[in-house]
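Close look at the chain arrangement
Chain residues, written in single-letter form:
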Amino acid sequence: MTINKIKVCGITDLSIANFCIENGADYLGFVSYSDSPRDISFHESKNIIKQLSSPINTVAVTVNANIDNAKEIEDSGFNFIQCHGSETPDYLSMIKKTTSLKIIKAFGISSQNDLFNIGNYSEFCDFFLMDAKPERSEMPGGNAKKFNWNLLRDQNINKQFFLSGGLDEDNIEIAIKNNITSLFDVSSSVESSPGVKDTLKIKQFINRVKK
């Protein structure tokens, strides 16, 4: 039986992090991107990670970070780096060679054309993440935009992937029934305002996925 797993992204404080753990989240994402309302420094993230109530996979969500950033992420206690920019396979290879971090590479999807080259990344990634493709005026992720999940059907995606982009309490059951993945990423839909997580929404979302 496939077990569904959840990454709650945009963690900014310890109480919410521990609430997610206690309610069954499997991954916590910490966003390092100055334009995001969920931005948090590696130093602040490190302090939270050190005080977590139980072990959990922790993900540093970055946009075109450099190798020094990757080493700082590792030193901060993260297990994963999520690359949400225009990172190349060579860059991901360098992360693999110089750190022990596992890698999630995010791809913005609006058409099948956006899936053509993802195979080039398979060797260097532990997971992919499929998100709605942002407009030029939008952030690289966390825009609460859904994309056409049918684009992922019948594709030779030889890597487990997180489904992201506009997932909420209402559509998560549809996403699960589509049976295209068992990994789900949520952020803005479990907030009361941008960057402010809502415990009730988190609990309801997790309950829908884990039932």
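Positive phi values are uncommon outside glycine, yet asparagine 64 reaches one of about 55°. Among the residues examined, asparagine 64 registers a relative accessible area of 43% and is labelled partly exposed.

Turning our attention to the sheet that holds strand β7 (residues 161-163). Whenever strands of a sheet pair, they do so through backbone hydrogen bonds, lying parallel or antiparallel. The sheet built from eight strands closes into a barrel, its strands ordered β1-β2-β3-β4-β5-β6-β7-β8 with parallel pairing. Within the sheet, the average angular offset between the axes of one strand and its neighbour, ignoring direction, is 25°. Sheet topology places strand β2 (residues 27-31) next to strand β3 (residues 57-62); five bridges connect them, and they run parallel. Within the sheet, the bridge partner assigned to valine 31 lies in β3 and is valine 61.

What follows concerns the nonpolar core. Ranked by size, the top nonpolar core spans 57 residues in total, and within it Leu28, Leu92, Phe128, Met130, Leu152 and Leu163 carry the most contacts. Ranked by the residues each element gives to this core, the list is headed by helix α1 (residues 14-22), at five residues. Residues within four places of leucine 28 in sequence aside, it is in contact with Val8, Ile11, Ala17, Cys20, Ile21, Leu52, Ile56, Asn57, Thr58 and Val59. Judged by nonpolar contacts, the second largest core, of 12 residues, contains Tyr27, Val31, Ile104 and Phe127.

The next thing to look at is the packing of aromatic side chains. Tallying each qualifying case throughout the model produces eight aromatic pairs. Between phenylalanine 107 and tyrosine 121, the aromatic rings sit 5.3 Å apart at their centres with planes inclined by 80°, giving edge-to-face as the arrangement. Residue phenylalanine 107 is located in strand β5 (residues 102-109), and its partner tyrosine 121 is located in the loop between β5 and β6 (127-132); the two are separated by 14 residues in the primary sequence. Ring-pair connections join several aromatic residues into one group, and the members of that group are Tyr27, Phe80, Phe127 and Phe162. In this structure, lysine 7 is placed above the aromatic ring of phenylalanine 162, and the distance from its NZ or CZ to the ring centre is 5.9 Å.

Working note: a packed helix pair is described by the angle between its axes plus the distance between those axes. Where α1 meets helix α6 (residues 199-210), the axes come as close as 10 Å, and the angle between the chain directions of the two elements is 25°. Here α1 is positioned roughly parallel relative to α6, judged by the angle of their axes. As for how α1 packs across α6, the hand of that crossing is right-handed. Where α1 approaches α6, its residues Ile16, Phe19 and Cys20 are matched on the opposing element by Thr199, Ile202, Lys203 and Ile206.

Further remarks concern the packing of helix α3 (residues 67-75) against helix α4 (residues 89-98). The contact between α3 and α4 brings their axes to 10 Å, and the two run at 40°. One finds that α3 runs oblique with respect to α4. Every pair of crossing elements has a handedness; the one defined by α3 and α4 is right-handed. Contact residues: Ile67, Ala70, Lys71 and Glu74 in α3; Tyr91, Met94, Ile95 and Thr98 in α4. Taken together, the residues of the contact of α3 with α4 break down into five nonpolar, one polar and two charged.

Reading the values: rules and limits
Residues numbered from 1 in each chain as written. Predicted model: local features only at pLDDT ≥ 70, side-chain atom pairs only at ≥ 80, totals over all residues. Heavy atoms only, no water. Buried < 20%, exposed > 50% of the residue type's maximum accessible area, 1.4 Å probe, protein only. Pairing = 2+ DSSP bridges. Helix = DSSP H or I, 4+ residues; strand = E, 2+ residues; numbered from the N terminus. Axes fitted to C-alpha atoms, helices over the stretch in contact; angles between N-to-C directions. Core = buried A, V, L, I, M, F, W, Y, C linked by side-chain atoms within 4.5 Å. Contact = heavy atoms within 4.5 Å. Phe/Tyr/Trp six-rings, centres within 6.5 Å; stacked < 30°, edge-to-face > 60°. Lys NZ or Arg CZ within 6 Å of the ring centre and 35° of its normal. Parallel < 35°, antiparallel > 145°, perpendicular 65-115°, else oblique. Left-handed = near helix turned anticlockwise from the far one by under 90°. Nonpolar A, V, L, I, M, F, W, Y, C, P; charged D, E, K, R; others polar.

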